[in-house]
Amino acid sequence: MNMKPFEVDVPCPRCGRRFKERMANIRPGCRRTCPSCKASIRYTGDDASKAERDVKHSIEELERTVRDLNRKLRF
Ligand SMILES: [Zn+2]
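Residues numbered from 1 in each chain as written. Predicted model: local features only at pLDDT ≥ 70, side-chain atom pairs only at ≥ 80, totals over all residues. Heavy atoms only, no water.

### Things to note about the overall build of the protein
Quick note on the threshold: Under the scheme used here, helices are H or I runs from DSSP no shorter than 4 residues and strands are E runs no shorter than 2 residues, and both carry numbers assigned from the N terminus. Buried, partly exposed and exposed residues are distinguished by accessible area as a fraction of the type maximum, computed with a 1.4 Å probe on protein chains only: under 20%, between the cut-offs, and over 50%, respectively. Any pair of residues with heavy atoms lying within 4.5 Å of one another is described as a contacting pair.
When you go through the protein residue by residue, the secondary structure sums to one helix and four strands. Moving toward the C terminus, one meets the helices and strands of the protein in the order β-β-β-β-α. Per-residue burial over the protein gives 21% buried out of 75 residues. Here the analysis covers contacts within the protein between residues at least 6 apart in sequence; of these, 19% occur between residues at least 24 apart.

### Focus on the coordination of the zinc ion
Selection criterion: Only nitrogen, oxygen and sulfur atoms count as donors, using a 2.8 Å cut-off from the metal that widens to 3.2 Å for Na, K and Ca. Water is left out, so coordination shells may look unfilled.
Coordination sphere of the zinc ion, protein contribution only: Cys12 (SG), Cys15 (SG), Cys34 (SG) and Cys37 (SG), at 2.3 Å. Along the chain, the residues donating to the zinc ion fall in the pattern C-x2-C-x18-C-x2-C. Within this pair, whereas cysteine 15 is found in the loop between β1 (7-11) and β2 (18-22), its partner cysteine 34 is found in the loop between β3 (31-33) and β4 (40-42), the two being separated by 19 residues in sequence. Judged by its relative accessible area of 1%, cysteine 34 is buried.

### Notes on the pattern of salt bridges
Pairs can form between side chains of opposite charge whenever their charged atoms are close. Condition: A side-chain nitrogen of Lys or Arg and a carboxyl oxygen of Asp or Glu constitute a salt bridge if their distance falls within 4 Å.
Within the structure shown, the criterion is met by four salt bridges. Across the pair arginine 32 and glutamate 21 runs a salt bridge whose closest N-O atoms are separated by 2.8 Å. Here arginine 32 is found in strand β3, whereas its partner glutamate 21 is found in strand β2, with eleven residues between them in sequence. In this structure, glutamate 61 engages arginine 64 in a salt bridge whose closest nitrogen and oxygen atoms are separated by 2.7 Å. Linking glutamate 61 with arginine 64, this pair stays in helix α1 (residues 45-74), spanning three residues, or about one helical turn. With a relative accessible area of 38%, glutamate 61 lands in the partly exposed category. Note on arginine 64: relative accessible area 41%, which makes it partly exposed.

This is the structure we're talking about:
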């Protein structure tokens, strides 16, 4: 499977605005500055693993859909 850099919406805990962040940048202990209010956001392990789970879940759903489609096309 081609691994493109995944982007997720990260809500700023201070101003609530969402911004795009690459999955690779979301690691426990990493810091990010909110583009809207310039707040310093620190990713915790919990947030990162939750985002990771969400993405894995989306990929699984997608793979299932593709498999179903392949089956339908074959018959
Ligand atoms: Zn903000």
